Amino acid sequence: MYIYKTEILTVSTKWFSDKANEEDILMLDNLINERASDGWELAAYDYMATATQIKGAFVVTFRKETA
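Bear in mind the structure is a predicted one, so any value in this text is a computation, not a measurement. (Residues numbered from 1 in each chain as written. Predicted model: local features only at pLDDT ≥ 70, side-chain atom pairs only at ≥ 80, totals over all residues. Heavy atoms only, no water.)

Caption draft 1: Geometry of the sheet that holds strand 3 (residues 57–65). A sheet is described by the order of its strands in space; here 3 strands give the open sequence 1-3-2, paired in antiparallel fashion. Whereas interior strands pair on both sides, the edge strands pair on one side only; in this sheet they are strand 1 (2–10) and strand 2 (41–48). Ignoring strand direction, the axes of neighbouring strands in this sheet form an average angle of 15°. Judged from the 7 bridges that link them, strand 2 and strand 3 form a sheet pairing that is antiparallel. In the strand pairing of strand 3, D46 is matched with V59. (Pairing = 2+ DSSP bridges. Helix = DSSP H or I, 4+ residues; strand = E, 2+ residues; numbered from the N terminus. Axes fitted to C-alpha atoms, helices over the stretch in contact; angles between N-to-C directions.)

Pasting the structure below:
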């Protein structure tokens, strides 16, 4: 059985494109590695752009096996 934890990782401000960039990917990698060191496994993620295309975020779900 697993327990799940979902987090929102807000990315850098966008002015001309709503796409994730290298800085955003680095932030995501850091979050995944930090949680992995605590025993969490990446279960799912999605990138959400906003309607105004200024601010976006990753929704990241981790899972951990219960003892």
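Caption draft 2: Quick peek at the side chain of R35. Relative to the elements of secondary structure, R35 occurs in helix 1 (residues 22–37). Of note is the side chain of R35, whose polar atom sits 2.6 Å from the side chain of E7. Setting aside residues no more than four positions away along its own chain, R35 makes contact with K5, E7, W40 and F62. (Polar contact = N/O pair within 3.5 Å; in protein donor to acceptor, adjacent residues only side chain to side chain. Contact = heavy atoms within 4.5 Å.)

Caption draft 3: Structural context of the pairing of strand 3. Where strand 1 lies against strand 3, 9 bridges are found, and the strand directions are antiparallel. By the bridge assignment, T6 is partnered in strand 3 with T61.

Caption draft 4: The arrangement of the side chain of E7 in detail. For E7, the location among the structural elements is in strand 1. When neighbours within four sequence positions are excluded, E7 is seen to be in contact with L31, R35, F58, V59, V60 and F62.

Caption draft 5: The packing of aromatic side chains, seen in detail. Applying the stated criterion across every chain, the model contains 3 aromatic pairs. Arranged with centres 5.2 Å apart and planes meeting at 65°, the rings of Y47 and F58 form a pair that is edge-to-face. With a gap of 11 residues between them, Y47 in strand 2 and F58 in strand 3 connect regions that are remote in the sequence. Among the residues examined, Y47 registers a relative accessible area of 22% and is labelled partly exposed. Residue class for F58 comes out buried when judged on its relative accessible area of 3%. Among the aromatic residues, those joined into a ring-pair cluster are Y45, Y47 and F58. (Phe/Tyr/Trp six-rings, centres within 6.5 Å; stacked < 30°, edge-to-face > 60°. Buried < 20%, exposed > 50% of the residue type's maximum accessible area, 1.4 Å probe, protein only.)

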